[in-house]
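Structure at a glance
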Amino acid sequence: MVQSYKIILYLCIVNWEIIHIDETDSTNNWLAKNCTGGQSPCAVVAEYQSAGRGCGTNMWESEQGKNLLFSAMLHPKNLPANKQFHISMAISLAIIDAVGQLVGDLSIKWPNDIYWRNGKLAGVLIENRLQGNMIKDSIIGVGLNVNQREFKSKAPNPVSLWQITGQEINREQLLKNILLALDKYLDDENLGEMYRSQLYRRKGFHPYIDKDGAFMAEIINVEDDGHLLLIDDSGQQRRYAF
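Rules used throughout
Residues numbered from 1 in each chain as written. Predicted model: local features only at pLDDT ≥ 70, side-chain atom pairs only at ≥ 80, totals over all residues. Heavy atoms only, no water. Helix = DSSP H or I, 4+ residues; strand = E, 2+ residues; numbered from the N terminus. Buried < 20%, exposed > 50% of the residue type's maximum accessible area, 1.4 Å probe, protein only. Contact = heavy atoms within 4.5 Å. Areas by Shrake-Rupley, 256 points an atom, 1.4 Å probe, with all protein chains shown as cover. Pairing = 2+ DSSP bridges. Axes fitted to C-alpha atoms, helices over the stretch in contact; angles between N-to-C directions. Expected span 1.5 Å × (residues − 1). pLDDT = per-residue confidence, 0-100. Polar contact = N/O pair within 3.5 Å; in protein donor to acceptor, adjacent residues only side chain to side chain. Arc of directions from axis to C-beta.

Turning next to the overall build of the chain. The number of helices and strands found in the chain is 5 helices and 11 strands. Residue burial in the chain is summarised as follows: out of 242 residues, 47% are buried. Within the chain, counting contacts between residues at least 6 apart in sequence, those at least 24 apart form 57% of the total. Accessible surface for the chain amounts to roughly 12600 Å². Of this, 48% is attributable to carbon and sulfur atoms.

Let's shift gears to the sheet that holds strand S9 (residues 213–222). What the 4 strands build is an open sheet, ordered S8-S9-S10-S11; its pairing is antiparallel. For this open sheet the edge positions go to strand S8 (206–210) and strand S11 (237–240), each flanked by a neighbour on one side alone. Strand-to-strand twist of the sheet, defined as the mean angle between neighbouring strand axes without regard to direction, takes the value 50°. Here S9 pairs with strand S10 (residues 228–232) via 5 bridges, running antiparallel. Paired with Val 222 across the two strands is Leu 228, which belongs to S10.

Taking 1.5 Å as the rise per residue, helix H2 (residues 85–99) with 15 residues should run 21 Å; its terminal C-alpha atoms sit 21 Å apart, in good agreement. The buried count for H2 comes to 14 of 15 residues, which makes it a mostly enclosed element.

Take the confidence of the model for the chain next. When pLDDT is averaged across the chain, the result is 89; 89% of the residues are at 70 or more. The model gives residues 1–12 a pLDDT under 50, and that stretch makes 26 contacts with residues more than four places away or in other chains.

With that settled, consider the side chain of Ser 88. One can find Ser 88 in helix H2. Within polar-contact distance, the side chain of Ser 88 engages the side chain of Asn 112 at 3.1 Å. Not counting residues up to four positions away in its chain, the partners in contact with Ser 88 are Pro 111, Asn 112 and Ile 126.

We now examine the sheet that holds strand S4 (residues 106–109). Taken together, the 7 strands give an open sheet; going across it, the order is S1-S2-S3-S7-S6-S5-S4, and neighbouring strands pair in mixed fashion. Single-partner strands in this sheet number two, and they are strand S1 (17–24) and S4. Each neighbouring strand pair of the sheet contributes to a mean axis angle of 20°, computed without reference to strand direction. The sheet contact formed by S4 and strand S5 (residues 113–116) spans 4 bridges and is antiparallel. In the strand pairing of S5, Ile 108 is matched with Ile 114.

Since there are 3.6 residues in each turn of an α-helix, residues three or four apart along the chain are aligned in direction. Where helix H1 (residues 27–34) is concerned, the buried positions are Thr 27, Asn 28, Trp 30 and Leu 31. The buried residues of H1 occupy one face: seen down the axis, they fall within an arc of 160°. N-cap assignment for H1: the residue whose side-chain oxygen lies 3.2 Å from the backbone N of Asn 28 is Ser 26.

Structure below.
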């Protein structure tokens, strides 16, 4: 499929080059192909994604022109690969920060889904490229449900800001607020406590499922490298990667 797009640059966010396109298969893919030069952070925003991706084989449903679909490319300075979860915490907190100006009851479902109560408001997909044992480039893809009024996929719990507030939200301003917050959190070396304080179901026992079946467990910690540490109702500790 030929990707047609128009470019609009906004210079009001210091150091960020923001590109708007009409349609692409995936904003992560678009950035990987088109923004490989320069050291300034670059973001691409699409009105529609024909193959928006979530984690694993999950797809992201989004009505054209209704939501905020963007990817941001960073060139981290001196960030080892084993510290890559810093980026995940930073973007999660940035979304909480920006969206929290509009609604409350937000949380982060490990590792980086954004929830409003029990509904999924946003998803994040991060793809890093390494140079030796350091992160060379990081592409952060975000799908945030903003003005969509109805969801038709089989996803169990999507929710949008329009459904919560009953109002149309300015997507451009929301993007700017997220990127400004992202700049702030990326420069903060101590995100762990803030991140853990925002976790979904961070207190008490709740249902989980893994390859061995369903169980009840409580969050003990999310470690600095991103591993989730649970304790189940039999007292056994369980540790999970992404």
